[in-house]
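Chain by chain, the residues run as shown.
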Amino acid sequence: DGGITQSPKYLFRKEGQNVTLSCEQNLNHDAMYWYRQDPGQGLRLIYYSQIVNDFQKGDIAEGYSVSREKKESFPLTVTSAQKNPTAFYLCASSMKTQPQHFGDGTRLSIL
Amino acid sequence: QKEVEQDPGPLSVPEGAIVSLNCTYSNSAFQYFMWYRQYSRKGPELLMYTYSSGNKEDGRFTAQVDKSSKYISLFIRDSQPSDSATYLCAMSGESGGSYIPTFGRGTSLIVHP
């Protein structure tokens, strides 16, 4: 089955710690995206990548970093500089003008 | 003014009702229009995808786009309790060679038996 796999489903971060969220897709999509979802605020774009080895900042990139070394993979690191990381993180992928397909998210909380 | 406006609800209806969900937008460059359904603690699932103006029907779901009014709608006929979810509208147009969608905040729908 083609789809997007996010792991882990739940993640806890300690003070001063970096954590990495995994996103893998087997849809052969060129573009991949990371969103943050907070209650009542909809989806906010963190980073996106349209091709391998290239990515752009979205609306709320501060405190986050990404890499795109393989077409299938787009991991997101939440760094210690992100002071309010508690949220639901969603990864998506798409072809250029086609709609995005989403994974089932990672819920990040602070210990 | 936000680019995409969507009433957050909640919208509560009895089973079997016709549901109307709506979004308005301000960017006339939007050409692609989408509706997603999101259950609690899950990722959004694509329901409908339309290009430009017009209607599209898929089973109990009908999507309408009125570009002249900058208004899109999703109708759900014979609503079921399993339709209870948050519905997100999204739209995109070409910008700098990419088509990054802009999402509404979502409308929470509750269908009670």
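Residues numbered from 1 in each chain as written. Chains lettered and ligands numbered in written order. Predicted model: local features only at pLDDT ≥ 70, side-chain atom pairs only at ≥ 80, totals over all residues. Heavy atoms only, no water.

So, about the interface of chain B and chain A. Listed by partner, the interface residues are 19 residues for chain B and 23 residues for chain A. For the pair chain B and chain A, the summed buried surface comes to about 1700 Å²; carbon and sulfur atoms form 58% of the total. Three residues stand out in chain B for area buried against chain A, namely Arg41, Ile100 and Phe103 of chain B, and they jointly supply 28% of the buried area on that side. If you look at where chain B meets chain A, you find one salt bridge. Salt-bridge contacts for aspartate 104 of chain A lead to lysine 42 of chain B; the nearest nitrogen and oxygen are separated by 3.4 Å. Taken together, the connections running from chain B to chain A amount to five residue pairs in polar contact (both at pLDDT 80 or more). Elements with a minimum of two residues in the side of chain B that touches chain A: β4 (32–38) and β5 (45–51) of chain B. With four residues, the top contributor of residues to the side of chain B that touches chain A is β4 of chain B. Among the residues forming the side of chain B that touches chain A, the class breakdown is 11 nonpolar, five polar and three charged. (Contact = heavy atoms within 4.5 Å. Buried area = accessible area lost by both parts, 1.4 Å probe. Salt bridge = Lys/Arg side-chain N within 4 Å of Asp/Glu carboxyl O. Polar contact = N/O pair within 3.5 Å; in protein donor to acceptor, adjacent residues only side chain to side chain. Helix = DSSP H or I, 4+ residues; strand = E, 2+ residues; numbered from the N terminus. Nonpolar A, V, L, I, M, F, W, Y, C, P; charged D, E, K, R; others polar.)

Residues and elements named next belong to chain A. Summarising the element assignment, serine 93 is placed in strand β9 (residues 87–94). When the C-alpha positions of serine 93 and asparagine 26 are compared, they lie 9.8 Å apart, and in sequence the two are 67 residues distant. Among all residues touching serine 93, those that are not within four sequence positions of it are Ile4, Gln25, Leu27, His29, Ala31, Met32, Tyr33, Pro99, Gln100 and His101. Side-chain polar atoms of serine 93 contact the side chain of histidine 29, separated by 2.8 Å.

Residues and elements named next belong to chain A. What the four strands build is an open sheet, ordered β1-β3-β8-β7; its pairing is antiparallel. In this open sheet, the two strands that pair with only one neighbour each are β1 (4–7) and β7 (64–66). The mean angle between the axes of side-by-side strands here comes to 20°, regardless of whether they run parallel or antiparallel. Bridging between β7 and strand β8 (residues 76–78) involves three bridges; their strand directions are antiparallel. Looking at β8, one finds that serine 65 is bridged to threonine 77. (Pairing = 2+ DSSP bridges. Axes fitted to C-alpha atoms, helices over the stretch in contact; angles between N-to-C directions.)

All names here are of chain B. Pairing of strand β6 (residues 54–58) with strand β7 (residues 61–66) involves five bridges; the strand directions are antiparallel. Considered in β7, the bridge of glycine 54 is made with valine 65. Hairpin connection from β6 to β7: two residues lie between these consecutive antiparallel strands, with glycine 59 at a positive phi of about 65°.

On to the nonpolar core, then. Counting 24 residues, the largest nonpolar core has Trp35, Ile72, Leu74, Tyr87 and Met91 of chain B as its most contacted members. Listing elements by their share of this core, those giving two or more residues are β3 (19–25), β4, β5, β7, β8 (71–76), β9 (85–92) and β11 (107–112) of chain B. When near neighbours in sequence (up to four residues on either side) are disregarded, isoleucine 72 of chain B contacts Leu21, Asn22, Cys23, Tyr25, Phe33, Trp35, Gln64, Val65, Cys89 and Met91 of chain B. One finds Trp34, Ile46, Ala61 and Cys91 of chain A within the second-largest nonpolar core, a separate group that totals 20 residues. (Core = buried A, V, L, I, M, F, W, Y, C linked by side-chain atoms within 4.5 Å. Buried < 20%, exposed > 50% of the residue type's maximum accessible area, 1.4 Å probe, protein only.)

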